[in-house]
Every structure is written in C-alpha cells, then in structure tokens.
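Here's the letter readout for the chains.
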Amino acid sequence: GQRQVGGNLDETDRLVGRQPDQLVAFATAFAEANADTWASEIGVLYRKLPRSILSGKEIPPGASGGVSPLGFFASALGAAFIGLLFAAAYGGSGLSPRLSWGIVALIAAGSGFTGAVIDSFLGAAIQAQYTCAVTGRYTERPHTDGKPNVLVRGFRWVTNDMVNFLSTVSATLVSTIVYVVIR
C-alpha cells in the first residue's frame, strides 16, 4: 500500500507528478521553509546576541539577518529532516534510475539549507526593518497600535513574506540546477 509520511502522497503526486526534478524542487521548498523556521525558533535559545550575517557584528535579537551557531545547526537539522522524510516517502520507488533517493534527498536538504542562508542574507541586506514607535525595538512591522514605525534600513516593499518567497525560489532553483547537472 501507499505510505503516508507528513501528508497524502497521492495528493503530492497529483500536484507535482512523479518526475524526480519536480519532486526535488517540491521537497526543497519545504526543506527551505522548515530550515528557516527551525533556525528562528531554536536559534533564539542561543545565550549570546546574534550576529549580522553581513557584518558579523552583534545585533539585537529579532533583527532580520541575525544568525547564531545554534540557529545554523537548527537550520541544517530542519532541512535534513525534510530530506529524510522525502527519502522515506519516495525511497525505492524507482523514480531516478541513475541516482539513489538518498542523494536526491541530500540535494533537497542541502538546497533547503542554502535557501535559509539566502533568507538571512536578504533579511540583512534588503528587508524592511523599522524602529517601533511604541517600544523603540526593531520590528518588521510598518505600524504598531496605529502609529507609524520608522524605517531604518531596507526597502518598504521587501517584507518578510517577500524575503521568504525569494529565498524559497532561490533554493528550488539551486536544487533543480544541481539535480540536472548530476543526473
């Protein structure tokens, strides 16, 4: 019978088909999102201040583009987790005659992690960052309690959602290129 891991595989097949390149891109999108989430949620537990991925200088917690060793580790684990789920779900299905599914899952996990790093770079370089009019802390929100916050860096139109979109697209492009080159 059909194995169910993290969702209905029949639905995945209906959405992306059983083409390995499409499945790698599909898995990579989830790997990047999971890597970014784990980096944020677990990275905040790091006891020291995060550092800017661009300058290496300490920055306030919550500032876009902030990274830590724990966040990087969590990001890699988050991407690997999705890669392993992908391999468990599709391993042995004969979708790729020249590559093992372990290698294909590794491509998705590595590209997902790469996308999360790209997310940090974009967050530090171009994402809108404001000073909150109420608390004085950094925020990604243009308004707090109806009061406009002050843009301190980035572009107003580059929201966190835009950075997430761009980093996911970048990660899937990386995985597709890697897959096409080595298959």
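Everything discussed here concerns the structure shown above.
Anyway, here's the lowdown on the structure attached to this text.

Each value, and the rule that gives it
- Residues numbered from 1 in each chain as written.
- Predicted model: local features only at pLDDT ≥ 70, side-chain atom pairs only at ≥ 80, totals over all residues.
- Heavy atoms only, no water.
- Helix = DSSP H or I, 4+ residues; strand = E, 2+ residues; numbered from the N terminus.
- Polar contact = N/O pair within 3.5 Å; in protein donor to acceptor, adjacent residues only side chain to side chain.
- Contact = heavy atoms within 4.5 Å.
- Salt bridge = Lys/Arg side-chain N within 4 Å of Asp/Glu carboxyl O.
- Buried < 20%, exposed > 50% of the residue type's maximum accessible area, 1.4 Å probe, protein only.
- Pairing = 2+ DSSP bridges.
- Expected span 1.5 Å × (residues − 1).
- Core = buried A, V, L, I, M, F, W, Y, C linked by side-chain atoms within 4.5 Å.
- Phe/Tyr/Trp six-rings, centres within 6.5 Å; stacked < 30°, edge-to-face > 60°.
- Axes fitted to C-alpha atoms, helices over the stretch in contact; angles between N-to-C directions.
- Left-handed = near helix turned anticlockwise from the far one by under 90°.
- Patch = residues over 30% accessible without salt bridge, like charges linked within 9 Å, V, L, I, M, F, W, Y side chains within 5 Å.
- Areas by Shrake-Rupley, 256 points an atom, 1.4 Å probe, with all protein chains shown as cover.
- Parallel < 35°, antiparallel > 145°, perpendicular 65-115°, else oblique.
- Nonpolar A, V, L, I, M, F, W, Y, C, P; charged D, E, K, R; others polar.

1. Details of the side chain of E32
- Looking at the secondary structure, you find E32 in helix 2 (residues 20-43).
- A distance of 2.8 Å separates polar atoms of two side chains, one belonging to E32 and the other to T168.
- Residues in contact with E32, not counting those within four places in the same chain, are G112, G115, A116, D119, N164, S167, T168 and A171.

2. With respect to the pattern of salt bridges
- If you walk through the whole model with that rule in mind, you get one salt bridge.
- The salt bridge partner of E58 is R51, with a shortest N-O separation of 3.8 Å.
- Residue classification places E58 among the partly exposed positions, given a relative accessible area of 48%.

3. Focus on the sheet that holds strand 4 (residues 138-139)
- Taken in spatial order, the three strands make up an open sheet running 4-3-7, and their pairing is antiparallel. Of all the strands in the sheet, the pair left with one neighbour each is strand 4 and strand 7 (150-153).
- Relative to strand 4, strand 3 (residues 129-131) runs antiparallel, the two sharing two bridges. Within strand 4, the residue paired with T131 across the bridge is Y138.

4. Here's the deal with helix 3 (residues 69-90)
- In this model, helix 3 (22 residues) spans 32 Å end to end at C-alpha, consistent with the 32 Å of a helix rising 1.5 Å per residue.
- By the burial criterion, the buried members of helix 3 are G71, A74, S75, G78, A79, I82, G83, F86, A89 and Y90.

5. Describing the nonpolar core
- One finds L23, V24, A27, F86, A89, Y90, W101, V104, A105, I107, A108 and Y179 forming the largest nonpolar core, which totals twelve residues.
- At the level of secondary structure, the elements contributing two or more residues to this core comprise helix 2, helix 3 and helix 4 (101-125).
- Looking at which element gives the most residues to this core, the answer is helix 4, with five residues.
- Of all hydrophobic cores here, the second largest spans six residues; its members include A31, I82, A109 and A116.

6. Some details on the environment of V134
- If you trace the backbone, V134 turns up in the loop between strand 3 and strand 4.
- Along the primary structure V134 and D145 are separated by eleven residues, whereas in three dimensions their C-alpha atoms are 8.0 Å apart.

7. Observations concerning the packing of aromatic side chains
- Counted under the stated rule, the structure contains four aromatic pairs.
- Both rings, one in F155 and one in W157, keep their centres 6.2 Å apart while their planes meet at 35°; by these two values the pair is tilted.

8. Focus on the packing of helix 2 against helix 3
- Between helix 2 and helix 3, the shortest axis-to-axis distance is 7 Å and the interhelical angle comes to 145°. Taken as a pair, helix 2 and helix 3 cross one another with a handedness that is right-handed. Touching L23, V24, A27, F30, A31, N34, A35, W38, A39, I42 and G43 of helix 2 are L70, G71, A74, S75, L77, G78, A79, F81, I82, F86 and Y90, all from helix 3.

9. A short note on a nonpolar patch on the surface
- There is a patch of nonpolar side chains on the surface, built from I103, L106, F165, L166, V169, L173, I177, V178, V181 and I182 and spanning about 880 Å² of accessible area.
- It is helix 5 (residues 160-182) that contributes the most residues to the nonpolar patch, eight residues altogether.
- Take I103: it is sitting in helix 4.
- The class of I103 is partly exposed, set by a relative accessible area of 36%.

10. Topic: the packing of helix 2 against helix 5
- Packing of helix 2 against helix 5 brings their axes to within 8 Å, and their N-to-C directions diverge by 140°. Compared by their axis directions, helix 2 and helix 5 come out oblique. In terms of crossing hand, the pair formed by helix 2 and helix 5 is right-handed. Across from P20, D21, V24, A25, T28, A29, E32 and D36 in helix 2, the residues of helix 5 making contact are N164, S167, T168, A171, T172, S175, T176 and Y179.
- Looking at the contact of helix 2 with helix 5 residue by residue, the class counts come to six nonpolar, seven polar and three charged.

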